[in-house]
Structures are given as C-alpha cells and as structure tokens.
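Listed here are the chains, written in short residue letters.
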Amino acid sequence: MSSLSRELVFLILQFLDEEKFKESVHRLEKESGFFFNTKYFDEKVLAGEWDEVEKYLSGFTKLDDNRYSMKIFFEIRKQKYLEALDKQDKAKAVEILVQDLRVFSTFNEELYKEITQLLTLHNFRENEQLSKYGDTKTARTIMLGELKKLIEANPLFRDKLTFPTLRSSRLRTLINQSLNWQHQLCKNPRPNPDIKTLFTDHTCAVPNGPLAPSQLNQPITTLTKPTAFPSLGAHAQLPVLFPSNTNYLSSNKVSILKRPPATPGVVDYQNPEHELMKRLRPAPSVEEVTYPAPRQHAPPVSLEDLPLKAALALHQGSTVTSMEFHPMQNTLLLVGSATGEIALWELAAREKLVSRPFKIWDMANCSPPLQALIAKETPMSVIRVAWSPDGNFIGVAYAKHLIHLYAFSGPNELRQHAEVDAHVGAVNDLAFANPNRQLCVVTCGDDQLIKVWDVSGRKHFTFEGHEAPVYSICPHHKENIQFIFSTAIDGKIKAWLYDNMGSRVDYDAPGKWCTTMLYSADGTRLFSCGTSKDGDVFLVEWNESEGSIKRTYLGFQKKLAGMVQFDTSKNHFLAVGEDAQIKFWDMDNINVLTSTDAEGGLPALPRLRFNREGNFLAVTTADNGFKILANQAGFRSLRAMEASAFERMRTPADSSLTKAAVPGAPVASVSCKVELGSPVRPSPMLNGVDPPKPRVDDLADNPRPWQLAEILDPAQCRQATLPDTGSSTKVVRLLYTNSGAGILALGFNGIQRLWKWVRNEQNPSGKATAAAVPQHWQPNSGLLMTNDVSGVNLEEANPCIALSKNDSYVMSAAGGKVSLFNMMTFKVMTTFMPPPPPSSFLAFHPQDNNIIAVGMEDSTIHIYNVRVDEVKSKLKGHLKRITGLAFSTTLSILVSSAADALICFWSIDTWEKRKSVVIPMPAGKVAVGDTRVQFHVDQIRILAVHETQLAILDASKMECIRQWIPQDSLSSHITSAVYACNSQLIYTTFRDGNIGVFDADTLGLRCRISPSAYLPQVNQGLSPLVVAAHPQEPNQFAVGLNDGSVKVIEPTEAEGKWGMVPPSEAINTSPSTTSNQTP
C-alpha cells in the first residue's frame, strides 16, 4: 500500500471516531494493521475480554512471529488460565491448558509441565512463584504493564503506536477543497451551488433562460474550517480552499525511519547502529541471536598510518576507470580501463600478471540493441571492477549492457565464468553480496533498475522504484539481515531487502545528484560522498537510526567539473580525490587531516582505492597509469615480498622441501614450485615499465614443472589449537557458525562445546583465524549443551548435529532424543523424536528453520515440523541407517546417503523419491561405513564421501561423474571430507593423520599436509576424525581429533593458498564406472 493510501486510512479512522462508529474504528485498526489503539487494548485487558484482546492483537502480530509476540500471547493466556483456577473452574482451566497453552510446550516443555501441575493445587498461590498473586483486578493491571513493555519493544508494532497529528475533521476539509476546485472548473458556476452527492464530480446545472453571470472572478464567501462536520446538503456554501501542491511523499522520508524509544528494564533492543536494519527487516519467524562482545576502543589516529608516499608508478596503457585490491592478497590489484581491458597487477613484482581485452563471449546471447552497438564498434569502457568477498570471482561492469564474471583461482588462472546482458544502457555499478549465504552479484544501470544475479548469471530479483538512472549500489548486512542501498542521479537514496516488497527507505542525498555510499571496514558507520550539478562536493556521515546526516566534512574546492571518488580505511580514515590531490579526514573530525599530491601527475579528480590493511592506496594518474602510495608498513611489506621472491628464484630446481632456517624469518617456504606468472616471481613488465631488479633469465626461460605442495613442518602453515575445556572426548561432529566467528564441536559423550573469536586490534574482523586463539564460550549460568544419553550405549550411538542458518539454534542428538538448544542461553528449548529408532543425521530445511529432515537408524527419513510437533512425511528407500542429508533449493531436491552406499534423490515439493544411485565400490571393498553428502555452491554437483573414496555426482542428471581412490602417500581410509566455502577445494582427512587438499573440479591433489605439521611429535595415535570449512575464508579449515582437541589450520600469509591446480597428467582419478576401479 502506498504512503498516500496509508494516510487515507488514518483520515477514515479519524472520521469514524468523530462520528462515533466505535466498532468500525477498531475493526479498521485491526484489519489495516496501521494503528494499534493502546487505549482500547487497555480497556479490553482490564475488563478480561480475552477473546477480543487476542482477536485485536491478531491484526498486528501472530503468536509465532517473534519472541516478543510469543511472550505477549503467553502472558494473556496464562492470566486467563489463572483466573479460571482462581474461580475453581477446573473444567475451564483444563480447556485453556489444552487449547491455548499447549502450543508453548514446543518451546518450553518444563514450563508447560509446571503450569499443568497447578491443577493439582487447591489454591495455585501455594506455588512459590505465584504466592504474591493478588486479586484479579490487581493481577490484570500488573500484567498490562508488562504487555505494554513487550508491545513497545516488539518491532512489529514500530510506528503503529502513535496516531498522526491531524487537525480535526481533516477528511471533511479535503472533500470541501475538492468540491471547491470542481466548482471553480464549472462552465456555469452558480453562486449557491446545489451539491447533492459525492459519488460523481460536481457540475452546476445550466439555468433556464439567459446564462448566469460568471463567478470565476468574483470573491466567494470564505468559511472558516468547522470544528464539527457541517452538513453537505443542498445549497451548502463552499469555502475557497484551493488544493495544495505539497509533495506528500517528501514529508515521509524521515518518519519512515522513526521508532518508539526502548523501554528500560525490558530485553535488549540493540544499539543504534542496528536501528536501520530493525526498520528494514520483515517480521522474523525465529529468534535471532548474536553474541555480545565488548566494544573495542579505537587506537589513536596517527599520520604515520596513512599511505602518503609514492612507492610505485605503473603504466596501464589507457585511462584507468576502476581499481580494486584483492580482499586477502594485499598486493594484488585489479584494474579496469576505458578501452574495456581488465588487468591483474602484482605490485611486489611490479608485474601485469593477466590482461583481458574486451570481447563478447557469446554473441547469440546478446540482445539486439547490444548487437547493434557492437556492430558499430562502440567503445566499451569498464565502469566498475570488483572482487567477491572470498576473492574467487571478479565482476566487471561495462558502459553498455554487459557484465562479465571471471573465476579466479590463482595469478594465471582467470577463467571466463558468466556473461550477462544485464541492463539497457550503461551498467553503472556492480558489487557482490551474500543473501541467504549464496554468492550473488548486484548491478544497477541507466534503465533505473537494480538487479540481483547468482554467479552463474541467473537473475533472482529486479528492484524497481527509482525514477532516474541508478548511479551506485552499496550491499551490506547487519547481523543476518542483508540489504542494498542505491542512489540515483536525481539524488534519491533507497534501501531494499531481498524480496519483492519495494524500497524501505526514500530520502535525498546532499547535493541531489551523483552519490556513492560506503560503510566503514567494521560495518558500523555509513558514509556518502557526492557532487551536485553545480559542482559542490558533499562528504557526510549518516545517522542510520534517524536517516539523517550526522556529520558533514569540510575542505573542498568550490565548483568541480565532474564526480569525485572516495574510500574508507581501517575504521579511521576517509580519502577523497579532488583538485589533483588526495585529501584525508579522520572520521571523527570534520576538518581535513592532511593531503598529498603523490609527487605530481594526478588528474583533477583522481580515482582511488585502499587495500584491506590500509597500508596501500592506489590512485590514478593523468598519463594512463596509476601510483601506489604506501605507509611504513606498506613499504616493509613490499620489501619483504621482493626479498622472498628473490630467494625463491635462487632455489635449485631439484631442491627438496626447504625449511625456515633463521628464527623470525618473514616466510616459511613450502615445496610448491614457483610458476612463471606467480606473483612472487619477478619477471619483465608489460607496457615498457622496467623491472626494479635483475632477472634470472635461465629460470624464466625454463619454468619448472608442477610439483605437489607438501606441508611437513609446523612453520609451513598457520595453526591454532582451541583451548582445552577440561571435559574432552573425541570430536565426532564439527561445525563453523554461519557467521564465521565461532566453532561448534559435538563430542562422543553428547556434549557440545562452542568457541568464539573476539573482535580486537589483533583480529579486527572478529572472524575465526589461526592468528588468534578464541575463547571457550559459555553463558553466565554455566550450562553445558548436553544431549539426552540416558540408557544409550555411546559405543553404538551415531551423534548428529545441525545449526540453523541464523546461528540461533543448534539441534543435536547422541543416541537419545533430539534436543533443540538456544545458542545464547544453552537451554534446551524442546526435545523430540525419542528412540527407538534413534536419530542418525539432522538437516534444517534451507527455507524454513521449523522444518527438519531427520535421518534414522532404521533407514527412514522423517520430515518433521518443530512448530506443530508433527512428522509431515516419512521417506523410505534406504536399506541401512541414514548417514547424510543435503538440500538443493535450485533443484528442489533432498539428497540422502546411508551406510549402504546408496544415494537417493527426493522432491522437496512432494517428498517422493526420484531416483537412487549406488556409489561403485573399489575392487575388493564392500559397502560398509558412513557415506556423507554435501552440495557444491552451484547446488548441482554433490560431494559424496566414503572411507574408500571421494565421489562427485551431478544431481541434475542424478549420476556419479568422478571418483578418487586413496593411493600413494594418501592410502589410508578417509575419515571426513568437506567442500571449501567457495567449492573450489575439498579438504579431506585420513585415518593415519594426513590431510589432503584436492581441486574440487578434477579431484587432483593440490597439497598434502603431513601429521608432523600439526600433530605433536609424540603422536600417541592421534588422528583427525572430522573436518569443517570456514564459511567465508576458502583457505581455512578446522579438524577435530580423537583426543577431543580442535585445530584451525591456514596457509602462511606468504603462500595465501594450498598449492596449485595440478595439470591433467598429474591427476589420478577415474570415471564412475565399475570397469576401471582400482583396488
């Protein structure tokens, strides 16, 4: 409903109230859901009219909308139950207990049991917690006070508790204005118009005889606005009140963002930095939980932290239009130019590693307008280049229609991935986002649209609402809420959720022209920088909680011809390219901190981009190139990488594994050989830029063959051992939290342990890392997340675990009932599925946290709805216990695996089995033991893991397409395997302690990590039982050991990844046919 339609409802509500249509007023309040009448609600609560109370509430919220709503309904029904008990009406009390209160038993079974026990008491006040219950009137008053606090805290009631300020009889006034305007347009206006109906437009009838004199130029008596509605019968006098030309929408641009103040003493409603998201988010169906961490104080700002001195000057060959540093490799710079070329530069080697000129990949998929432009040889300039957050994809937006997506897996491994005819006209901006944990590309263009694509080029959303070309986009997230800010060239800023419900925010940018928006590195502060048509520059910080400008920065030259670019660094600095120099601001100070001309050569409005660490700043130059400015840390980093590259070049071709020989050496070497195009190997530059160091020509002319990377020593990788909790048993299941900030381990004894990384100066992202040791986390109550193991033989149990996508709940079992734990409090919210048979695998439905697939020991799969405590379907098709479950929303299927090596495919619409596939066993092997399944990020390929093999299946064809059998140095049984978050690697653990890192496409071995690299020298039979991959860092994984310990492992900073993609001749895999199995 539009804003004006909503206001019309308020006018009708005022009219009905003034006319004393009381029942109609409250019915419209409820049906529209626009205004919650607290006075009416209070009256009904105090009168004990519980049915009307719930009926009225139902127009604004449902019981299961969120925790506040649930608490509201619970308090009302509890009071209703207690009043029945107080009247000794046990029959009524039982009815309320069964019909009204039973729904809450799903969430707190113990509380429901306690309430039920009140029936056995002669006076429920004998219960200690209810001993102070007074008379009914007092109890209702106390409860009403609690309800008001819950309603004010509930986000669903935001902006619904206050009626707009209106002058009395506002609807009558507007009708009078309309009639007056109609009368002014009459061809034969009469001095005393006869108005008999509002159903048709007013027109004065033509009088008999000569025409009456026109009244258009004669004053009409002006009536003052009545305090009560005058009768609009015949001969009603019309006031001269002309319609207003006010833009009604403009008055709403801030009010949309308002909310009632939080009430002290109620649950935490989050701090102001989350306010905007609370306004943007739809009603959640499950509780959202975050882990509170102390706010870190920012270190003092120093000019030494700024990259002010020119370290490099490199020549691109054409005007640089866009630049972006790799998100993890700080010296890798992606550059786009006006000719359509993109280039990848390694700054330490001063080398252009890859260059891709513009060309159409598939003309047949281009629209006719684009084909016409190409036929005219229209220049196709790059507008924007961007890296995906994990650094595995590159996005390129062009000045006409197109975007290109490249897959990046190494310096010389840039592959065409998808070409999309995205917009009509220019694609003005491109950015990556992760809605619903799926990597997507967001674009905007001259066609006034914003579009969301997956990385295969399939369109998911189109957002319409701008009335001018969309200039920029800023995807972001607060907690697990994903959203997009967009700006258009008419100065309008809008915000969108990933749904089809339109813009949630609409307000004007300063300057009302071209504006870009960026968040600080930690995502807590929002900035925008834009230019007006008159050339004025506006750099501001926004107050998200109010949708208003918090701070405006000073120091710009007047009347610029063009658009400025800005960037943020390390939660401290802002930088803007203006007046042939770079100006810097401290975020907390509106005055310019310092500026630099980068030793000259900058254009009037240089483009710029910081790297992630803030120690490099890339700026464009007027001679078709760019400079790299650095601070002291940046200069040290360049020198260290140059020295590392030189040392690598000196390594003999036949050398075995080299180890760090000098304590404190910057890098520990690995046996992986350096390729010609490696970023650590200096080589001649393109475009005439001389190399800074002599070249080793014989090495350049004779590149070494690929060699397997082997990690044999702890110095060759980064690792962290999670703190011992004192109650360790072997780790049988291991998960990262979806936020990437914690690790959850399920032990053999059914106890779950949680570790969290804290955000601090050493770890500013707060994500899991081997560079910092996390904390073993427990609630203040000291509770443990302990599964029901009563009567369970743990040796025969098959523990299982699943985590909800918002990290709010963890569900697990260890041979007994399935328990649903609250991840904040560790309390058991409910239990279900008591044995026999016990549960053996669990998986949340990807689109509904209340639907759970439960694999059972008896080979069946139960589709269970937690909310209604009901098994919706029971799937039968396996012969042995279920050992794996995985959903694909792309194909709308559930894939299951079992101890019979059988893979089954089920429709998630009808829960019917589509097909079964048997994984071929190697010769001499039998189908025993667990088989696990996991979907690739494309939601089509499946990784199947058995102790005898790794297998890749194509779920769209429902067939096995590739296998790898343990061999050579990795000949032991496989214990676990998992895709990296980008599905380009597979981490595999073996019973003898080895870890293999495989290429996910070919199953070629890229790297072997020996037990000596991460296990103590006195091994004592230690081995990894499970492996888990970080949800955002593709090169990080964790292993759970049979002694209960957990280790996080990453490559060294110098290497940055696990080996190189092996050539085809080095890959020893086999197709999935029984004729070529190897023992």
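Up top is the structure these notes are about.
Here is what the cut-offs are and how they apply
- Residues numbered from 1 in each chain as written.
- Predicted model: local features only at pLDDT ≥ 70, side-chain atom pairs only at ≥ 80, totals over all residues.
- Heavy atoms only, no water.
- Axes fitted to C-alpha atoms, helices over the stretch in contact; angles between N-to-C directions.
- Helix = DSSP H or I, 4+ residues; strand = E, 2+ residues; numbered from the N terminus.
- Parallel < 35°, antiparallel > 145°, perpendicular 65-115°, else oblique.
- Contact = heavy atoms within 4.5 Å.
- Nonpolar A, V, L, I, M, F, W, Y, C, P; charged D, E, K, R; others polar.
- Salt bridge = Lys/Arg side-chain N within 4 Å of Asp/Glu carboxyl O.
- Buried < 20%, exposed > 50% of the residue type's maximum accessible area, 1.4 Å probe, protein only.
- Phe/Tyr/Trp six-rings, centres within 6.5 Å; stacked < 30°, edge-to-face > 60°.
- Lys NZ or Arg CZ within 6 Å of the ring centre and 35° of its normal.

**Concerning the packing of helix α4 (residues 50-57) against helix α5 (residues 67-86)**
Here's step 1: Where α4 meets α5, the axes come as close as 11 Å, and the angle between the chain directions of the two elements is 170 degrees. Taken together, α4 and α5 sit at an angle that is classed as roughly antiparallel. Contacts between α4 and α5 involve Trp 50, Asp 51, Val 53, Glu 54 and Leu 57 from the first element and Ile 72, Phe 73, Ile 76, Arg 77, Gln 79, Lys 80 and Glu 83 from the second.
Here's step 2: Residue composition of the contact of α4 with α5, by class: 6 nonpolar, 1 polar and 5 charged.

**Considerations on the pattern of salt bridges**
Here's step 1: Applying the stated criterion to the full structure yields 35 salt bridges.
Here's step 2: Note that Glu 49 and Lys 44 form a salt bridge whose closest N and O atoms lie 3.0 Å from each other.
Here's step 3: The exposure class of Glu 49 is partly exposed, given its relative accessible area of 36%.
Here's step 4: Salt-bridge contacts for Lys 494 lead to Asp 506; the nearest nitrogen and oxygen are separated by 2.9 Å. Separated by 12 residues along the polypeptide, Lys 494 in strand β16 (residues 492-497) and Asp 506 in strand β17 (residues 505-508) bring together distant segments of the chain.
Here's step 5: Accessibility expressed as a relative area gives 9% for Lys 494, which makes it buried.
Here's step 6: You can call Asp 506 partly exposed: its relative accessible area is 26%.

**Quick look at the packing of aromatic side chains**
Here's step 1: Going through the model one piece at a time under the given rule, you end up with 30 aromatic pairs.
Here's step 2: Seen in terms of ring centroids, Trp 964 and Phe 998 are 4.7 Å apart; in terms of plane orientation they differ by 65 degrees. Their pairing is edge-to-face. Taken as a pair, Trp 964 in strand β51 (residues 959-964) and Phe 998 in strand β54 (residues 995-999) lie far apart in primary sequence, 34 residues in all. Taken as a pair, Trp 964 and Phe 998 share a single burial class, namely buried.
Here's step 3: Cluster of aromatic residues (ring-pair linked, three or more members): Phe 36, Tyr 40, Phe 41, Tyr 56, Phe 60 and Phe 157.
Here's step 4: In this arrangement the basic side chain of Arg 6 is found over the ring face of Phe 34, its NZ or CZ atom lying 5.0 Å from the centre.
Here's step 5: One cation-aromatic arrangement involves Lys 730 over Phe 748; the distance from NZ or CZ to the ring centre is 4.8 Å.

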